[in-house]
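Read off the chains here:
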Amino acid sequence: MIHDIGLVHTCNIISSIQSGQDEYGSPVYATSTTASSCRFIQKNGRIISLDSGEHVVSETSVILPPTVTVTEGQTITSTIPGFSNTYEVTAVRPVFWPMANAVHHYECDLKAVK
């Protein structure tokens with residue numbers, strides 16, 4: 001069951017949907033927010049070398065239940081200490097139940113939005 005992975009955090013999934021066009025023909029977007037249980041994970045950092053020296057880059061991901069709809073490019077926000085930031089979803093991977101064709105949960109890679 002989904003409780004086996006311990007979705008102990010909460011987050012908001014923000015979707016932008018084109019709702020029309022303005023007088024100049026540019027798209028106008030409406031946003032919708034969905035609250036969800038989740039679990040944030042801070043992956044081990046990796047070292048990258050830049051002109052300014054070596055820097056440690058940490059990667060954040062989130063586990064979401066199979067009942068949510070999430071796609072690349074959506075925004076996830078949280079107020080959980082250590083993860084209180086705005087993130088962009090960069091990858092979505094469904095994880096399936098063993099021996100079944102049903103999604104157990106989603107694992108999403110996140111990029112912090114400044």
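As a convention, each chain's residues are numbered from 1 in the sequence order in which they are written. Given that this is a predicted model, residues contribute local features only at a pLDDT of at least 70 and side-chain atom pairs are listed and counted only at 80 or more, while totals for whole chains, interfaces and linings are drawn from all residues. Computation of side-chain values covers all heavy atoms of the structure but excludes hydrogens and water.

Novice: Hey, could you run me through the packing of aromatic side chains in this one?
Specialist: Any two aromatic rings considered together are summarised by their centre-to-centre distance and by the angle between their planes. In this analysis, rings of Phe, Tyr and Trp, with Trp reduced to its six-membered ring, are considered paired at centre separations within 6.5 Å, and the interplanar angle assigns stacked below 30 degrees, edge-to-face beyond 60, and tilted for intermediate values. Throughout the structure, instances matching the rule amount to 2 aromatic pairs. Plain terms: the ring middles of Phe40 and Tyr87 are 6.1 Å apart, the flat faces sit at 35° to each other, and that makes the pair tilted. Of this pair, Phe40 sits in strand β2 (residues 27–50) while Tyr87 sits in strand β5 (residues 86–96), placing them 47 residues apart in sequence. Overall, the relative accessible area of 4% leaves Tyr87 in the buried class. Following the ring pairs from residue to residue traces out a cluster consisting of Phe40, Phe83 and Tyr87. What counts as a helix is a DSSP run of H or I of at least four residues, what counts as a strand is a run of E of at least two, and both are numbered from the N terminus. Note on exposure labels: buried denotes an accessible area under 20% of the residue type's maximum, exposed denotes more than 50%, and partly exposed covers the range between, all computed with a 1.4 Å probe on protein chains only.

Novice: What's the story with the sheet that holds strand β6 (residues 103–112) in this structure? I'm lost.
Specialist: Backbone-to-backbone hydrogen bonds join strands into a sheet, with any given pair of strands oriented parallel or antiparallel. Here 6 strands make up a closed barrel; going around it, the order is β1-β2-β3-β6-β5-β4 and the pairing antiparallel. If you compare each strand with its neighbour and ignore which way they point, the axes differ by 45° on average. A strand pair is defined by DSSP finding two or more bridges across the two strands. Two elements, strand β1 (residues 9–21) and β2, share 12 bridges in a ladder whose sense is antiparallel. Note on β2: the bridge partner recorded for Thr10 is Ser37. Axis angles are defined between N-to-C directions and span 0 to 180 degrees, where every axis is a line fitted to C-alpha atoms and, for a helix, only to the segment in contact.

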